[in-house]
Amino acid sequence: MRESGSFAPIGSTGMSAQLLDGKQISTEIIGEVRSKVDFRVANAFRAPALAVVLVGDDPASAVYVRNKKKACESAGIRSLSYEFPASLSEDALLDLVRSLNEDPAVDGILVQLPLPSHMNAERVIETINPLKDVDGFHPYNFGRLALKMPLLRPCTPHGVMVMLEKTGVDLVGKDAVVIGASNIVGRPAALELLLARATVTICHSRTRDLADKVRAADVVVAGVGIPNFVQGDWIKPGAIVIDVGINRQADGKLCGDVQFDIARTRASWITPVPGGVGPMTIAMLMRNTFDASVNLNP
């Protein structure tokens, strides 16, 4: 067994991968945010405020919103909740977003996705003031990331990068494969890895010879949304595996996009599901909210 805090060099083999504990790392990040908030408050600044808008009764969204409220409490951030039935009109939602844009007491705006089918999510996101777009989904923030000028970064990919930093592995020149090309995970994750000077290949469920591409990768980020899609024996010995997927199986248990039990016998580091990337998304949301508050109230 490797000692705690060490890691196997890329290309080596090990008995079992070390787990990247998202719960522990996220707790550290939220604690850091709390210290910064307390310092600002002690120097006559108000606490940051995050407005979370939930439309409809999607159970997963409701759980996620509750977790965000708990994280706000831990981080010293004011949580403002706006919850509406699925029948809310798009115009009414846009009016709310515009009013939050203009409210000087609000630093961050998050509209929980998915929205009901009669709403255009892209239109809603583009209506959010980019300086308050703590999800990092606005084209302005996405474009800044692409231009190597990040401001508010998409939370999940940014959380992935923080986890990769915790391994101590230098990503410069490493071969990274991102599986999944969504605007929430895959595309911004590829941009983040490029910022770290990794060599990035973006794949998806229809990519030809996917297994061979994964077998050549030093870093695998899986966000395709298909249970156990990435076979464990695809993983290169010593690779780092970041599993962004979270899928509920027929027996009610959660699993990721990677065949965990086999992959962990080959990787040097791997994220568990649950308890891996999920908590990091909320932690990075807290960091974005603090950063937005500083940017708006320097």
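Residues numbered from 1 in each chain as written. Predicted model: local features only at pLDDT ≥ 70, side-chain atom pairs only at ≥ 80, totals over all residues. Heavy atoms only, no water.

The protein chain carries the name Bifunctional protein FolD in an unreviewed UniProt entry, which gives Chitinimonas arctica as its organism. Taken directly from UniProt, the Sequence similarities (unreviewed entry) text for the protein chain runs: "Belongs to the tetrahydrofolate dehydrogenase/cyclohydrolase family." Of the protein chain, the UniProt comment under Pathway (unreviewed entry) reads exactly: "One-carbon metabolism; tetrahydrofolate interconversion." (UniProt positions renumbered as here; feature names shortened; annotations may be inferred.)

Here the focus is the nonpolar core. Among soluble globular proteins, nonpolar side chains are generally buried collectively. Counting residues in each nonpolar core, the largest one holds 47 residues, and the members touching the most others are Leu50, Ile77, Leu164, Leu193, Val221, Ile242 and Met286. When residues of this core are assigned to their parent elements, the largest contribution, nine residues, is made by helix α10 (residues 277-296). Here this core spans two domains, since at least three of its residues come from each of domain 1 (46-133) and domain 2 (155-278). In this view, Ile77 contacts Val33, Val37, Pro48, Ala49, Leu50, Cys72, Met286 and Thr289; residues no more than four positions away in its chain are not counted. The next biggest cluster of nonpolar side chains, apart from the first, holds 21 residues, and it includes Ala17, Val220, Phe229 and Ala267. (Core = buried A, V, L, I, M, F, W, Y, C linked by side-chain atoms within 4.5 Å. Buried < 20%, exposed > 50% of the residue type's maximum accessible area, 1.4 Å probe, protein only. Helix = DSSP H or I, 4+ residues; strand = E, 2+ residues; numbered from the N terminus. Domains from an automatic or database assignment. Contact = heavy atoms within 4.5 Å.)

So, about the domain arrangement of the protein chain. In terms of domains, the protein chain is made up of domain 1 (46-133) and domain 2 (155-278). If you average the C-alpha positions of domain 1 and of domain 2, the two centres end up 29 Å apart.

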